[in-house]
Amino acid sequence: AAGVIQSPRHLIKEKRETATLKCYPIPRHDTVYWYQQGPGQDPQFLISFYEKMQSDKGSIPDRFSAQQFSDYHSELNMSSLELGDSALYFCASSITGGPREQYFGPGTRLTVT
Amino acid sequence: SQKIEQNSEALNIQEGKTATLTCNYTNYSPAYLQWYRQDPGRGPVFLLLIRENEKEKRKERLKVTFDTTLKQSLFHITASQPADSATYLCALEYGNKLVFGAGTILRVKS
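Cut-off values and rules
Residues numbered from 1 in each chain as written. Chains lettered and ligands numbered in written order. Predicted model: local features only at pLDDT ≥ 70, side-chain atom pairs only at ≥ 80, totals over all residues. Heavy atoms only, no water. Pairing = 2+ DSSP bridges. Helix = DSSP H or I, 4+ residues; strand = E, 2+ residues; numbered from the N terminus. Axes fitted to C-alpha atoms, helices over the stretch in contact; angles between N-to-C directions. Polar contact = N/O pair within 3.5 Å; in protein donor to acceptor, adjacent residues only side chain to side chain. Contact = heavy atoms within 4.5 Å.

### Re the sheet that holds strand S8 (residues 72-77) of chain B
By definition, the strands of a sheet pair up through backbone hydrogen bonds, in either a parallel or an antiparallel sense. All names here are of chain B. Read across the sheet, five strands follow the order S1-S3-S8-S7-S6 without closing on themselves; strand pairing throughout is antiparallel. Two strands close off the open sheet at either side, each with one partner strand: strand S1 (3-6) and strand S6 (56-59). Each adjacent strand pair in this sheet contributes to an overall mean axis angle of 15 degrees, direction not counted. In this sheet, strand S7 (residues 62-67) lies alongside S6 in antiparallel orientation, the contact comprising four bridges. Bridge pairing in S7 places glutamate 56 opposite threonine 65.

### Here's the deal with the environment of glycine 43 of chain B
Looking at the element boundaries, glycine 43 of chain B is found in the loop between strand S4 (32-38) and strand S5 (45-51). When the C-alpha atoms of glycine 43 of chain B and phenylalanine 100 of chain B are compared, they prove to be 13 Å apart, with 57 residues separating the residues in sequence.

### Notes on the environment of arginine 37 of chain B
Residues and elements named next belong to chain B. Looking at where arginine 37 falls in the secondary structure, it is placed in strand S4. Residues arginine 37 and aspartate 84 lie 47 residues apart in sequence; the distance between their C-alpha atoms is 9.1 Å. Within the structure, the side chain of arginine 37 is placed 3.1 Å from the side chain of aspartate 39, a separation counted as a polar contact.

### Side note on the side chain of glutamine 6 of chain B
Residues and elements named next belong to chain B. Here glutamine 6 is to be found in strand S1. Within the structure, the side chain of glutamine 6 is placed 3.0 Å from the backbone oxygen of tyrosine 88, a separation counted as a polar contact. Within the structure, the side chain of glutamine 6 is placed 2.9 Å from the backbone nitrogen of cysteine 90, a separation counted as a polar contact. The contact partners of glutamine 6, leaving out residues within four places of it in the chain, are Thr22, Cys23, Trp35, Tyr88, Leu89, Cys90, Gly101, Ala102, Gly103 and Thr104.

Okay, structure coming up:
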């Protein structure tokens, strides 16, 4: 079965640079979620989108922005990167009105040096 | 804000025994509670969901209980195997997002 696809899988950036993470949800899933997981931490919700509209917002820094496109894929844009942004970034998807569980991608490991 | 507590210590058990993991929460009354498994460097994988009006849910060797009075969920793995070794995350639905606990590391020794 198709799973959530994230790219790139690994990304190394320097401080103050910009990064773009991409997420391709499971086919027919219309809701996308972004989570950040620091070393030894639990996943923290950043933002979610339903039908290309932002549906919820968590602890996402103002330096980050995200959007969902007409094909339901989503991109997380991160600017002015800081050392503390180094983490695993997961994308998850689900079907609104369907099973409530979220299906997570393999994650993008971002390292800021 | 919502607070979720899971066993902070790793749980070490012998193969074949039942593992029991605890999830306690405060400042919230979730309609749904979910359990996920996470292996190092990988995304969480959904295991079970239980509704507030359900006391117990089972799936193969897994069992989840949900006590809304105690604000607690228990997650059981019977006949545990070394392949069950992972971090298990409890998650509450808050709006349309998941709020995760810190997770409990389970180690099953053969």
